[in-house]
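# An overview of the molecular structure
One-letter residues, chain by chain:
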Amino acid sequence: MEDGRIHRADHVVLAAGAWSHRLAATLGERLPLETERGYNTTLPADAFDVRLQLVFVDHGFVVTPLSTGLRIGGAVELGGVDRPPNYARSKAMLEKTRRFLPGLKAAGGVEWMGYRPSLPDSLPVIGRAKASPRVLYAFGHGHLGLTQAAATGRLIRDLVSGEAAAIDPAPYRPDRF
Ligand SMILES: Cc1cc2nc3c(=O)[nH]c(=O)nc-3n(C[C@H](O)[C@H](O)[C@H](O)COP(=O)(O)OP(=O)(O)OC[C@H]3O[C@@H](n4cnc5c(N)ncnc54)[C@H](O)[C@@H]3O)c2cc1C
């Protein structure tokens, strides 16, 4: 650990999102992980009376009413983990929303950028490291990491405990690249 403490474990699960390939590289493994960076702006809840999520497919963004406010989000940017956010992308989506929703109160928004850790075939990496069967990878869920997290957790549990996996883990094996 950064503070010098050492933890010993029978197994280690490497699930560090967009940074996972860098940690895997320390084990000598090259995995083609890239980040699809996404942006949003969360406006105060009274910005507009939106009751259902609005999806602007041709414009690549969605407007979602949340308990915390009205979120305008989308975009895919191949920008890695080191570059600073380019909030011009959030502003462009906000400006489009103003055009679609005349009267939108566009002030007071909180801008955000996040990472979608993605592989070229849009499938996650779930399985054992080449360097050691005690190291398991669980990353690269792209646009669907929140949705797929529980299933991945269960698959990792099955791999660690040696139980029959509920689904075939072969499509997710780390050595497929
Ligand atoms: C704009 C946007 C919208 C999205 N919408 C959806 C959606 O609607 N539905 C959906 O399912 N998914 C969605 N996603 C995708 C989802 O957010 C990701 O797939 C998910 O967060 C990936 O989870 P993770 O745990 O692998 O990585 P992360 O959530 O990124 O977590 C990785 C963690 O590892 C930590 N870490 C990194 N390096 C180290 C280290 N060396 N030591 C210790 N810790 C480390 C990081 O600090 C981080 O906390 C969206 C993503 C974005 C950007």
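Residues numbered from 1 in each chain as written. Predicted model: local features only at pLDDT ≥ 70, side-chain atom pairs only at ≥ 80, totals over all residues.

## Description of the site of the ligand
- Around the ligand, the structure places 21 residues, and the nearest of them are Gly17, Gly38, Gly114, Gly145 and Leu146.
- Counting residues per element, the shell around the ligand draws most heavily on strand β6 (residues 110–118), which supplies four residues.
- A breakdown of the residues in the shell around the ligand according to their chemical character gives ten nonpolar, ten polar and one charged.
- Lining the shell around the ligand are residues from two domains, each supplying at least three of them: domain 1 (12–33 + 121–176) and domain 2 (35–118). (Near = placed C-beta within 6 Å. Helix = DSSP H or I, 4+ residues; strand = E, 2+ residues; numbered from the N terminus. Nonpolar A, V, L, I, M, F, W, Y, C, P; charged D, E, K, R; others polar. Domains from an automatic or database assignment.)

## So, helix α2 (residues 88–100)
- For α2, with 13 residues, the first-to-last C-alpha span of 19 Å sits near the 18 Å given by 1.5 Å per residue.
- For α2, every residue scored as buried is listed here: Arg89, Ser90, Met93, Leu94 and Thr97. When α2 is viewed along its axis, its buried side chains cluster within an angular range of 135 degrees and face the same direction. Residues Ala88, Glu95 and Arg99 are exposed on α2 and point more than 90 degrees away from its buried face.
- Each element contacted by the buried residues of α2 is listed here: β2 (34–43), β4 (61–66), β5 (69–78) and β6. (Expected span 1.5 Å × (residues − 1). Buried ≥ 20, exposed ≤ 12 C-beta atoms within 10 Å, placed from the backbone. Arc of directions from axis to C-beta. Contact = placed C-beta atoms within 7 Å.)

## Section: the nonpolar core
- Ranked by size, the top nonpolar core spans 15 residues in total, and within it Leu14, Val125, Ile126, Tyr137, Ala138, Phe139 and Ile156 carry the most contacts.
- No other element matches strand β8 (residues 135–139), which puts four residues into this core.
- The contact partners of Val125, leaving out residues within four places of it in the chain, are Leu31, Leu119, Tyr137, Phe139, Gly140, Tyr172 and Pro174.
- Counting residues in each nonpolar core, the second largest holds nine residues, with Leu43, Phe48, Val63 and Ile72 among its members. (Core = buried A, V, L, I, M, F, W, Y, C linked by C-beta atoms within 7 Å.)

## Re the domain arrangement of the chain
- Each assigned domain of the chain is listed here: domain 1 (12–33 + 121–176) and domain 2 (35–118).
- Here the C-alpha centroids of domain 1 and domain 2 sit 29 Å apart.
- Domain 1 puts eleven residues into the contact, and the matching count from domain 2 is seven residues.
- Residue composition of the side of domain 1 that touches domain 2, grouped by class: four nonpolar, seven polar and no charged.

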